[in-house]
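Inside the fold
Here's the letter readout for the chains.
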Amino acid sequence: MKMIKGGVCAAKGYKANGIHCGIRHNTTKKDLAMILSEVPASAAGVYTTNLVKGAPIYVTKKHLENGTAQAVIVNSGNANTCNADGIEIAEKMCALTGGVLGIDPHDIIVASTGVIGQPLDITPIENGIEELAKGLSENGNEAAAAGIMTTDTIMKEAAVEFELGGKICHIGAMGKGSGMIHPNMATMLVFITTDAAVSPALLDKALKTDVQKSFNMVSVDGDTSTNDTVTIMANGLAGNAIITEENDDYKVFMKALNTVTVALCRMIAGDGEGATKFLECCTSGAKSYETAKIVAKSVICSSLLKAAMFGADANWGRVLCAIGYSGADVDVTKIDVSFKSPKGEILVCKDGAGVAFSEEKAKEILLEKDIQILVELNDGEFSAEAWGCDLTYDYVKINGDYRS
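Think of each chain on its own: its residues are numbered from 1, step by step along the sequence as written. Side-chain atom pairs in this predicted model are given and counted only at pLDDT of 80 or more, local residue features only at pLDDT of at least 70, and totals for whole chains, interfaces and linings cover all residues. Water and hydrogen atoms play no part in the side-chain values, which are based on all heavy atoms of the structure.

With that out of the way, let us pick up the overall build of the protein. Per the convention used, a helix needs a DSSP run of H or I reaching at least four residues, while a strand needs a run of E reaching at least two, with both numbered from the N terminus. Of the regular secondary structure elements, the protein holds 11 helices and 15 strands. Between the two quantities, the radius of gyration covers C-alpha atoms and the globule rule is 2.2 Å times the number of residues to the power 0.38. The C-alpha radius of gyration computed for the protein amounts to 22 Å, which stays within 12% of the reference 22 Å derived for 404 residues, consistent with globular compactness. For every residue, the accessible area obtained with a 1.4 Å probe (protein chains only) is divided by the maximum for its type, and the residue is called buried under 20%, exposed over 50%, and partly exposed between those limits. Counting over 404 residues, the protein shows a buried share of 56%. Look at the contacts in the protein between residues 6 or more apart in sequence, and 80% of them connect residues 24 or more apart. Areas reported as accessible are Shrake-Rupley estimates using a 1.4 Å probe. Residue values count occlusion only from the protein chains shown. On the protein, roughly 16000 Å² of surface is accessible, and the fraction owed to carbon and sulfur atoms is 50%. By definition in these notes, contact holds between two residues if any of their heavy atoms fall within 4.5 Å.

What follows is the structure, given as structure tokens:
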């Protein structure tokens, strides 16, 4: 298994493209993207748990009821959420896409991201859809990835090559997410493609299982988006025997899928709005995976801890505080905490109490861009990881004039 380039076009039979069609005022930023599989594919999706949902989610969920899809159409610059005609617009996007691609509109995944509560004018999409489709290419992954960015500062792509039954398979993905990220299923928008053959039922189970250890463990700001969507298409063009049960091939597929999703998680967390540092909380020694997961997520979500990391302040008490209110079943008198970065590692708490350490060395460690918060519970054999970023002045600036 190895990481490769190509994003959503890394797998056989996929083309993609992204253009500026006029949804966004800034003409230098793309705002419409498309992904096409040469053949109909097994498909599955997971969505936000927010009661307020973007209109495209309702349409995509309906389209994926039969476990099949062949294309994705997605815009940035407008979330198409809380609009009276939202579902009509989302369905129109699918109809336009189906028309230019010559496929059934019901086999299309639709998504939107951007400002909430502003009507989405279909005119720019109507005017740009033909250009978008004509530009579809096996090398169009970067254009598509750019087309879904909002406050993101980097494109987010990942892909992996692996083997199933002697056949070389691939999984590729693109994602976007920088703010309003505190998912309870996925994060903002992620589109995954694979040429492996997987039945719709197993693909659905694989995705829902994976997000529990990947996207659900990311938090930038504590706000669960209205439009969070993760979808996957599996077109089977790699030629492997179709996976219909949880056998050894399924386990390999799951490992490959998690490799890609975790890579995106790290990119999304590190590119949080205004962020200067990527944070990873690694919890070990838990009595159950659920306990390890709760602890890691609580620490990474702590605004006080995130602010301390911005200031390179080794305020380990905030780690203990976050664990204490997490609801996890832990013995606080056994907890050890360390901070780690490329500059080294330093123990700051032992058995739930402070230990003497060099503030200067701790500062040096925490001034790095990538920081690990290591929590040892000393109570079992389970571990978990969660990802986030620091909380900075720029986060407030960005969100203070987000609609400007």
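Of all the residues in helix 8 (residues 303–310), the buried ones are Leu305, Lys306, Ala308 and Met309. Summarising the axial view, the buried residues of helix 8 lie within an arc of 160°, below the 170-degree limit, and thus occupy one face. Positive backbone phi, approximately 55°, marks alanine 312, located one or two places after helix 8. Think of the arc as the fan of directions from the helix axis to the C-beta atoms.

Our next topic: the pairing of strand 7 (residues 167–176). Moving residue by residue along a regular strand, the side chains alternate between the two faces of the sheet. Counted residue by residue, strand 7 has eight buried out of 10 residues, so it is predominantly covered. Strands qualify as paired when DSSP identifies two bridges or more between them. Note that strand 6 (residues 156–164) and strand 7 share nine bridges and pair antiparallel. Opposite glutamate 161, over in strand 7, you have histidine 170 as the bridge partner. Pairing of strand 7 with strand 8 (residues 189–194), which is carried by six bridges, proceeds in the antiparallel orientation. Counted as the bridge partner of methionine 174 is phenylalanine 191 from strand 8.

A few words on the side chain of threonine 193. By the secondary structure assignment, threonine 193 is in strand 8. Assessed through its relative accessible area of 1%, threonine 193 is described here as buried.

Geometrically, a packed helix pair is captured by the angle between its two axes and the distance between the axes. Note on geometry: axes are C-alpha line fits, over the in-contact stretch for helices, and angles between N-to-C directions span 0 to 180 degrees. At their nearest, the axes of helix 7 (residues 289–301) and helix 9 (residues 317–324) sit 8 Å apart, and the two run at 130° to each other. Judged by the angle between their axes, helix 7 and helix 9 are oblique. When you trace helix 7 past helix 9, the crossing you get is right-handed. In this structure, helix 7 uses Val295, Ser298 and Val299 to contact helix 9, whose residues at the interface are Val319, Ala322 and Ile323. In terms of residue class, the contact of helix 7 with helix 9 is built from five nonpolar, one polar and no charged. Roughly parallel here means an angle under 35 degrees, roughly antiparallel means over 145, roughly perpendicular means 65 to 115, and every remaining angle is called oblique. Whether a crossing is left-handed or right-handed is set by the direction in which the near helix is turned from the far one by less than a right angle, anticlockwise for left-handed and clockwise for right-handed. For this scheme, ten residues count as nonpolar: Ala, Val, Leu, Ile, Met, Phe, Trp, Tyr, Cys and Pro. Four count as charged, namely Asp, Glu, Lys and Arg, and the remainder, Gly too, count as polar.

With that out of the way, let us pick up the pairing of strand 10 (residues 278–286). Burial analysis of strand 10 places eight of its nine residues in the buried class, the great majority of the element. Pairing of strand 10 with strand 14 (residues 370–376) involves seven bridges; the strand directions are parallel. Across the sheet, the residue bridging to threonine 283 is valine 375, located in strand 14.

The next thing to look at is the nonpolar core. In summary, soluble globular proteins display a tendency toward joint burial of nonpolar side chains. Take the buried residues of types Ala, Val, Leu, Ile, Met, Phe, Trp, Tyr and Cys, join any two whose side-chain atoms come within 4.5 Å, and each joined set is a nonpolar core. If you look at the biggest cluster of nonpolar residues, it comprises 74 residues, and the most contacted ones within it are Ile171, Ile192, Phe253, Val319, Phe339 and Val375. When residues of this core are assigned to their parent elements, the largest contribution, 12 residues, is made by helix 6 (residues 248–270). Leaving out residues up to four positions away in the same chain, phenylalanine 253 has contacts with Phe162, Leu164, Ile171, Thr194, Ala196, Val198, Leu203, Ala206, Ile232 and Ile243.

With respect to the secondary-structure elements, asparagine 78 resides in strand 4 (residues 68–78). Asparagine 78 sits in the buried class, given a relative accessible area of 5%. Side-chain atoms alone can form a polar contact between residues adjacent in sequence; in general such a contact is a pair of N or O atoms within 3.5 Å, and within protein one must be able to donate a hydrogen while the other accepts it. There is a polar contact of 3.0 Å between the side chain of asparagine 78 and the backbone oxygen of proline 119. Once residues within four sequence positions are removed from consideration, asparagine 78 is found in contact with Ile23, Asn83, Ser112, Thr113, Gly114, Val115, Gln118, Pro119 and Leu120.

These results come straight from atomic positions and should not be treated as a statement about function.
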